[in-house]
Amino acid sequence: MPEKVLQGVVGEDAVIDRMALTFIFNRLRERGYTVYGTVNEKGTGLFRPLGDLSDLSLRCTGGTLPPKHIWYKPFETLFAYDRVRNHFKADVPPVKQAVFGIRPCDVHALLALDEVFLGGGYPDPYYWARRVELVLVVFNCVEAGDTCFCSSMGTGPGLGHDYDLLFTELLRKDGASGRERYLIEIGSSAGGELVQGLKGEEAKQEDHQEKRRRLTGAGQGNRFTLETDRLPRLMQEGYKHPYWEEITNKCFACANCTSVCPTCYCADIFDETDFNLRETRRKRRWSWCFLVEFAAVHGGNYREKHIDRLRQFMQHKLNFSIGQHGFFHCVGCGRCIVWCPANIDIAQTGRVIRGDA
Ligand code: SF4
Ligand code: SF4
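S.K.: What am I meant to see in the packing of helix α8 (residues 242–250) against helix α12 (residues 346–353) here?
M.R.: Packed helices, taken two at a time, are described by the angle between their axes plus the distance between the axes. Where α8 contacts α12, the axes come no closer than 10 Å and their chain directions differ by 155°. Taken together, the axis directions place α8 and α12 in an arrangement best described as roughly antiparallel. Along this stretch, α8 crosses α12, giving a crossing that reads as right-handed. Contact residues: Y243, W244 and I247 in α8; Q348, T349, V352 and I353 in α12. A per-class count over the contact of α8 with α12 returns five nonpolar, two polar and no charged.

Structure, rendered in structure tokens:
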């Protein structure tokens, strides 16, 4: 095999083995990045800071919790005010973070949150501080998870943009050693800098053909499907469909679905004051439209009924988000299906409402 030394140019590719992952991981650490990756904890993949690359599990799909907490903290202090010194404290320095092994659907979810937090006239400085230097080492999915429907939503199993480095596992192992082989593609100058000097092999046409074959196979492996043609209009027309009542009767209103969704972004903001009334901190924590208190306002609650909260969650993902942002806020990751104790399934709901099931 002709050897290749990567120059770090955007668009460059090569075939590498697993040792190269260690090279990239170490370079990220040398550059001061906190490197997150999926760690298998009792069968659930959780994105944790990696102390060592051997902790990384690339086999976690479906049941994995999303990496959203890396760029959007579940709980954070926005600023503090010291009454005695008449002083505001609001430090939001950029942080260097990298995600190793993020999947295409989660990159699409990140782009959806970018639109929410950075897309309007008032960019969120807290989100920006964690996003601006974020490095994405993406792994295309060569196997479908049990509940994924990314190919229906156009968010996977492969990614064609917005990555720093992109990996696709190749089926053919290295003949001599049986080592794993990956096609690596450079998507940004930050990604290029990380692999400059890395040794691999020239990527051939057959390696790209194999990538396409594996992605097609993974897409066909999606057992869940949802036709999205005219979906927002059909969801709107199906607003009073009897199926909403049927699934509400099964639903526990536990909010698991919204808490594991990589695109849910709602939050509650509140002030916390010291007992001596000296310092007050303004805090933000995730909240969800499924909670009855979420819609409590002075004088009443505009979404008190259980059916309205369930419908709001799914209508927002498959209908309202199109009007708000121009794309679905469901990336087909299937996590809400995995974590629902009542077996309620957003893809099935979409199919019933549009008359396909
Ligand atoms: S609604 Fe469900 S399937 Fe869609 S992105 Fe959220 S968790 Fe994933
Ligand atoms: S996870 Fe299932 S049971 Fe819980 S609120 Fe969501 S739809 Fe209802």
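S.K.: Where do I start with the site of ligand 1 in this structure?
M.R.: As a matter of local geometry, ligand 1 sits amid F149, C261, P262, F313, K317, C330, V331, G332, C333, G334, C336 and I346. A class-by-class count of the residues in the shell around ligand 1 yields nine nonpolar, two polar and one charged.

S.K.: Looking at this model, I keep getting lost on the side chain of N319. Mind explaining?
M.R.: Assignment of secondary structure puts N319 in helix α10 (residues 306–325). A residue is classified by how much of its surface remains accessible, and N319, at 8% relative accessible area, is buried.

S.K.: I'm lost on the nonpolar core in this one. Help?
M.R.: Generally speaking, a soluble globular protein has its nonpolar side chains buried in company with each other. Within the largest apolar cluster, 30 residues are counted, with the highest numbers of intra-cluster contacts made by F149, M314 and L318. Broken down by secondary-structure element, the contributors of at least two residues to this core are α7 (231–237), α8, α10, α11 (335–338) and α12. Per-element accounting of this core gives the leading share, five residues, to α10. With near-sequence residues (within four places) excluded, M314 lies in contact with M235, W244, I247, I344, I346 and T349. The next biggest cluster of nonpolar side chains, apart from the first, holds 28 residues, and it includes I16, Y33, L58 and L198.

S.K.: Help me understand the pattern of salt bridges, please; the structure alone is not making it clear to me.
M.R.: Side chains that carry opposite charge are capable of pairing whenever their charged atoms lie near each other. Throughout the structure, instances matching the rule amount to 23 salt bridges. A salt bridge links E201 to R181, with the nearest nitrogen and oxygen atoms 3.2 Å apart. Here the residue E201 occupies a position in strand β11 (residues 199–201), and R181 occupies one in strand β10 (residues 181–186), the gap between them amounting to 20 residues. Residue E201 is classed as buried on the basis of its relative accessible area of 16%. Three or more residues joined by partner-sharing salt bridges are found here, namely E272, D274, E279, R281 and K283.

S.K.: Which parts of the structure should I look at to understand the state of the cysteines?
M.R.: Put plainly, two cysteines are in a disulfide when a covalent bond ties their sulfur atoms together. What the rule picks out here adds up to zero disulfides. We note that C105 lacks a disulfide partner, and the nearest cysteine sulfur, in C333, lies 5.6 Å from it. Residue classification places C105 among the buried residues on the basis of a relative accessible area of 14%.

S.K.: Looking at this structure, I do not really get the sheet that holds strand β6 (residues 87–89). What am I missing?
M.R.: As summarised here, the arrangement of the four strands in space is β6-β5-β13-β12, forming an open sheet in which the pairing is antiparallel. Each edge of the sheet is formed by a strand with only one pairing partner; in this case those strands are β6 and β12 (267–273). Each strand axis lies, on average, 20° off the axis of its neighbour in the sheet, ignoring direction. Where β12 lies against strand β13 (residues 279–286), seven bridges are found, and the strand directions are antiparallel. If you follow F270 over to β13, its bridge partner there is K283.

Thresholds applied
- Residues numbered from 1 in each chain as written.
- Chains lettered and ligands numbered in written order.
- Predicted model: local features only at pLDDT ≥ 70, side-chain atom pairs only at ≥ 80, totals over all residues.
- Heavy atoms only, no water.
- Axes fitted to C-alpha atoms, helices over the stretch in contact; angles between N-to-C directions.
- Helix = DSSP H or I, 4+ residues; strand = E, 2+ residues; numbered from the N terminus.
- Parallel < 35°, antiparallel > 145°, perpendicular 65-115°, else oblique.
- Left-handed = near helix turned anticlockwise from the far one by under 90°.
- Contact = heavy atoms within 4.5 Å.
- Nonpolar A, V, L, I, M, F, W, Y, C, P; charged D, E, K, R; others polar.
- Near = heavy atom within 4 Å.
- Buried < 20%, exposed > 50% of the residue type's maximum accessible area, 1.4 Å probe, protein only.
- Core = buried A, V, L, I, M, F, W, Y, C linked by side-chain atoms within 4.5 Å.
- Salt bridge = Lys/Arg side-chain N within 4 Å of Asp/Glu carboxyl O.
- Disulfide = S-S within 2.5 Å.
- Pairing = 2+ DSSP bridges.

Function cannot be inferred from these measures alone, as they are strictly geometric.
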